[in-house]
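# Notes for the structure review
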Amino acid sequence: MLAMFDASTRCCNDLKFSDLEISDPGHAIIDKLVSDSKFYRWSGLPDISDDEIDELSSNYIRILRFFNGSDALQVIVYPHKNYEADGISNLKSIANNIIELNVSGIPVRDGELEFIGLCQNLEKLNLSNTGIDDEGVSKLKNLEKLIELKIYNSNITDKTLDQIVEYPQLS
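Everything in this summary refers to the structure shown in the same document. What you see is a predicted model; the values in this text were computed from it and never measured.

### Things to note about the pairing of strand β4 (residues 73-77)
Most of β4 is tucked away, with four of its five residues classed as buried. Of the pairings in the sheet, the one linking strand β3 (residues 61-65) to β4 comprises five bridges and is antiparallel in character. Residue Arg-62 lies in a different strand from β4, and its bridge partner there is Ile-76. Alignment of β4 against strand β5 (residues 98-102), held across four bridges, turns out to be parallel. The residue of β5 that forms the bridge with Val-75 is Leu-101.

Next up, the structure:
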């Protein structure tokens, strides 16, 4: 609901966005603000229940909603001595809901990279201290929504840096 001030009557009238003509400058401004917002981008994510989040969470995997009622998720995988790729692979049912994934400190191998490749709505990924190499990073190029990639303390070379420059969404 918008408020519009009418100078002739010196009062505000309620105005709905749907009441604006497409040619109205206010329509374009509001449309731009809404389409750029995270809430709008995340509105089409699959529904996920709190029970499913609780079921998939563990002492080593923390799953958080971005805000109450949101289906957009942040997942943090904590390193531990008995780590196995199965833990992260069990998250396949929520892969499309994961917006941020932090696997810093765990060994990233083919199983983890396969899972990460399923996270098509992933915007932020932390692969620091994971041992990821050039070949592993090359498997991330299909993550079209990725806008932030952290990969310090890794096994990448200048070859990977040249590849990352070609990822338009990261520039």
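### Concerning the sheet that holds strand β7 (residues 148-150)
One open sheet accounts for five strands, arranged β3-β4-β5-β6-β7; its pairing is mixed. Because the sheet does not close on itself, it has two edges, and the strands there are β3 and β7. Each strand of the sheet is rotated relative to its neighbour by a mean of 10°, with strand direction disregarded.

### Brief notes about the side chain of Ser-104
Within the fold, Ser-104 resides in the loop between β5 and α5 (110-118). Once residues within four sequence positions are removed from consideration, Ser-104 is found in contact with Val-77, Pro-79, Asn-126, Ser-128, Asn-129 and Thr-130.

### As for the pattern of salt bridges
The final tally for this structure, using the stated rule, is six salt bridges. A salt bridge links Glu-114 to Lys-92, with the shortest nitrogen-to-oxygen separation between them at 3.8 Å. One end of the pair, Glu-114, is in helix α5; the other, Lys-92, is in the loop between α4 (86-89) and β5, with 22 residues separating them in the sequence. Lys-92 gets classed as partly exposed once you look at its relative accessible area, which sits at 43%. Among the charged side chains, a network of salt bridges with common partners joins Asp-50, Arg-65 and Asp-71.

### Examining the packing of aromatic side chains
Applying the stated criterion across every chain, the model contains one aromatic pair. When the ring of Trp-42 is compared with that of Phe-66, the centres are 4.7 Å apart and the planes differ by 40°; the resulting orientation is tilted. In this pair, Trp-42 sits in the loop between α2 (38-41) and α3 (50-56) while Phe-66 sits in the loop between β3 and β4, placing the two residues 24 residues apart along the sequence. Judged by its relative accessible area of 9%, Trp-42 is buried. For Phe-66, a relative accessible area of 28% translates into the label partly exposed.

Cut-off values and rules
Residues numbered from 1 in each chain as written. Predicted model: local features only at pLDDT ≥ 70, side-chain atom pairs only at ≥ 80, totals over all residues. Heavy atoms only, no water. Buried < 20%, exposed > 50% of the residue type's maximum accessible area, 1.4 Å probe, protein only. Helix = DSSP H or I, 4+ residues; strand = E, 2+ residues; numbered from the N terminus. Pairing = 2+ DSSP bridges. Axes fitted to C-alpha atoms, helices over the stretch in contact; angles between N-to-C directions. Contact = heavy atoms within 4.5 Å. Salt bridge = Lys/Arg side-chain N within 4 Å of Asp/Glu carboxyl O. Phe/Tyr/Trp six-rings, centres within 6.5 Å; stacked < 30°, edge-to-face > 60°.

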